[in-house]
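Reading the structure
Here is what each chain is made of, one letter per residue.
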Amino acid sequence: MGHYLGVTSLPIHLYDTRRRSVVAFEPIHPGKVGIYTCGPTVYGPQHLGNMRSQLLPDVLRRVLGASGLDVRYVTNITDVGHLVSDADDGDDKVEAAAARTGESVEQITRRWTDQWATDRRRLGCLEPDSVPKATEHIAGQIEMVQVLEAKGHTYQIGDGVYFDVSTFPRYAEFAGLTLDDHEATGRIDNIVDKRHPADFALWKLTPPGVSRLQEWDSPWGRGFPGWHIECSVMASEELGRHIDVHTGGVDHVRVHHTNEVAQSECAFELHPWVNIWMHNEFLDLGGEKMSKSRGHILTVDSLVERGIDPLAFRYFFLQTHYRQQQAFGFDLVEASGTGLRRLTQHATNARDEVGGDLLAPGSAGQRAEELRKQFWSALVDDLNTPKAMAVVSTVARDGELSHADRWSLLGDFDRILGFGFADAASVGSGELGADLGAKEPEVAKLLAARQAARLAKDFATADRIRDELAAKGWEIVDTPQGPTVRRS
Ligand SMILES: [Zn+2]
């Protein structure tokens, strides 16, 4: 791989949920940026909609990194404290899963943490710099509740310690609401002693005579932390009190992030706590938000089972802006898979023609440099990935570009795209020539899926696909340009 110059000359603009406008991005500490994303609650599988909230920060950190910033990316594991309802009653989700399956909390949280980490990798997401677990930050959470208590922001009732929203006049501002709106949300709420319906739990007490699988001693008694306090503590312990960018699904704005802001700004006496809040919209399953509770659990495995390369979902994600809802359909993701295979074919052909050498940005032809600028300009404009993908398509097909220019661009763009062109199999080489995708689409799909699994170090899936190809009469052959197939 060649040496990149980056895009330092282009100013970056991002949409901030708090200010409701696109704003210029300025790091708090010159040259460095910290990003925090609310991670999974590990009591069950993460569906494809959840993965959209991992893909957004992945694109963001790649763009900030390409612009020369030193990025630290943190996303957490919620392994305690997330209740079955978003209000403050109901069971802890992990405890409920343990009671249902008879497994230990550790077995459950490890299985679903692994599924999430594997699926992130299969979707081409870079590894986080840190993945803190809520249960490993209990002391910090107790300390933060004590700070809030000392500053007069809490009250205790039989059920636990609560944040008093009346002590934070800006409470409803974050979501663009009034306190009455928060009262009117109709959230299921059976905690009768709360002073205001929007008051939220900082520390939940274990009722007398009850013993939980996960509970800790605290100054208020045995219990467990509230979900919101966990994120405030992990974010600040990992990235410092003042945070550059915090991301999450748009469903977190009204409750979880509103509460994170309230407790953090009160405890740290800081405003704004987070410079830029970014939220990805939902993946739309046809009117109804893809839900973990309604029996439609579509995961990365659901794609692989249909022979769809997980990276096709990444391609699919990039085709829509993160602030737009995106309609899901297997046919749509399959179409993205076809687009990805064609693109990979163009990229690897150009790469192989020039022996993999990558021209430095600025040294390609004039037309190529123009396209390069269009690509990066789209991304620094609030991550306009659909516009960037349109440039990618032009580059793949433009007959005026030399192989060297084409590879110079696609190799450069892959820093954001994350398709792994430099190591990708030469789909076009081998016995079937350039037409494998056209003549044997199923085989091409499987070969690409196997390569994606290998790159993600998911060798069990890679081996399973190899066996599947063998059963269909195809043998995988490794060549200097990567694996291809021949009739066995
Ligand atoms: Zn969070």
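This brings us to the overall build of the chain. Per the secondary structure count, the chain includes 16 helices and 14 strands. In the chain, which comprises 488 residues, the share counted as buried stands at 58%. Restricting to contacts in the chain with at least 6 residues of sequence separation, those with at least 24 account for 75%. Taken as a whole, the chain presents about 19,900 Å² of accessible surface, with 48% of it coming from carbon and sulfur.

Within the open sheet, the four strands sit side by side as β4-β3-β9-β10. Their pairing is parallel. With one partner strand each, in any of the chains shown, β4 (70-75) and β10 (274-280) form the two edges of the open sheet. Each neighbouring strand pair of the sheet contributes to a mean axis angle of 20°, computed without reference to strand direction. Relative to β4, strand β3 (residues 32-37) runs parallel, the two sharing six bridges. For tyrosine 36, the partnering residue across the bridge sits in β4 and is valine 74. Strands in contact with helix α6 (residues 227-239) are β3, β4 and β9 (243-249); relative to β3, the strand with the most contacts, it is inclined by about 160°.

Below, the discussion takes up the confidence of the model for the chain. Residue-level pLDDT values for the chain average 88, and 88% of them are 70 or greater. When the criterion is pLDDT under 50, residues 1-5 qualifies, and its contacts beyond four places in sequence or with other chains add up to 10 contacts. Segment residues 290-294: pLDDT under 50, and 17 contacts once partners within four positions in sequence are set aside and those in other chains are kept.

On to the sheet that holds strand β5 (residues 154-157). Spatial strand order, β5-β6-β7-β8: four strands in an open sheet with antiparallel pairing. The open sheet has two edge strands with one neighbour each: β5 and β8 (223-225). Taking the axes of each pair of neighbouring strands and ignoring which way they run, one obtains an average angle of 25° across the sheet. In this fold helix α4 (residues 138-150) packs onto β5, β6 (160-163), β7 (200-205) and β8, with an angle of close to 120° to the strand it touches most, β7.

This brings us to the packing of aromatic side chains. Under the counting rule described, the total for this entry stands at 12 aromatic pairs. With a centroid separation of 5.7 Å and an interplanar angle of 40°, the aromatic rings of phenylalanine 313 and phenylalanine 316 are classed as tilted. Taken as a pair, phenylalanine 313 and phenylalanine 316 lie in helix α9 (residues 310-318) at a separation of three residues, close to a single helical turn. The pair formed by phenylalanine 313 and phenylalanine 316 is uniform in burial state, with each residue classed as buried. Taking the ring centre of tyrosine 155 as reference, the NZ or CZ of arginine 195 above it sits at 4.0 Å. A cation over a ring is seen here: arginine 323 above tyrosine 15, with NZ or CZ 4.0 Å from the ring centre.

This brings us to the pairing of β10. Most of β10 is tucked away: seven of the seven residues are buried. Pairing between β9 and β10: six bridges, direction parallel. Bridge pairing links isoleucine 243 to valine 274 in β10. Assessed by its sense of winding, the connection that carries the chain from β9 through helix α7 (residues 253-268) to β10 is right-handed.

Moving on to the packing of helix α1 (residues 48-66) against α9. Packed helices, taken two at a time, are described by the angle between their axes plus the distance between the axes. Running from N to C, α1 and α9 point in directions that differ by 70°, and their axes come no closer than 11 Å. The orientation of α1 with respect to α9, classified from their angle, is roughly perpendicular. Facing Leu48, Arg52, Leu55, Leu56, Asp58, Val59 and Arg62 of α1, the residues of α9 in contact are Phe313, Arg314, Phe317 and Leu318. Among the residues making up the contact of α1 with α9, the classes are represented as seven nonpolar, no polar and four charged.

With that settled, consider the pattern of salt bridges. Taken as a whole, this structure holds 28 salt bridges when the rule is applied. Of the charged contacts in the structure, one is a salt bridge between aspartate 58 and arginine 62, with a shortest N-O distance of 2.9 Å. You can see aspartate 58 and its partner arginine 62 sitting in helix α1, four residues apart, about one turn around the helix. You'll find aspartate 58 and arginine 62 in the same group, each marked buried. Between glutamate 269 and lysine 151 there is a salt bridge, and its shortest N-O distance comes to 2.4 Å. In this pair, glutamate 269 sits in the loop between α7 and β10 while lysine 151 sits in the loop between α4 and β5, placing the two residues 118 residues apart along the sequence. Under the relative-accessibility criterion, glutamate 269 is labelled exposed at 60%. Salt bridges linked by common partners bring Asp119, Arg122, Asp301 and Asp458 together as one network.

What counts as what
Residues numbered from 1 in each chain as written. Predicted model: local features only at pLDDT ≥ 70, side-chain atom pairs only at ≥ 80, totals over all residues. Heavy atoms only, no water. Helix = DSSP H or I, 4+ residues; strand = E, 2+ residues; numbered from the N terminus. Buried < 20%, exposed > 50% of the residue type's maximum accessible area, 1.4 Å probe, protein only. Contact = heavy atoms within 4.5 Å. Areas by Shrake-Rupley, 256 points an atom, 1.4 Å probe, with all protein chains shown as cover. Pairing = 2+ DSSP bridges. Axes fitted to C-alpha atoms, helices over the stretch in contact; angles between N-to-C directions. pLDDT = per-residue confidence, 0-100. Phe/Tyr/Trp six-rings, centres within 6.5 Å; stacked < 30°, edge-to-face > 60°. Lys NZ or Arg CZ within 6 Å of the ring centre and 35° of its normal. Right-handed = clockwise from strand over helix to strand, strands pointing away. Parallel < 35°, antiparallel > 145°, perpendicular 65-115°, else oblique. Nonpolar A, V, L, I, M, F, W, Y, C, P; charged D, E, K, R; others polar. Salt bridge = Lys/Arg side-chain N within 4 Å of Asp/Glu carboxyl O.

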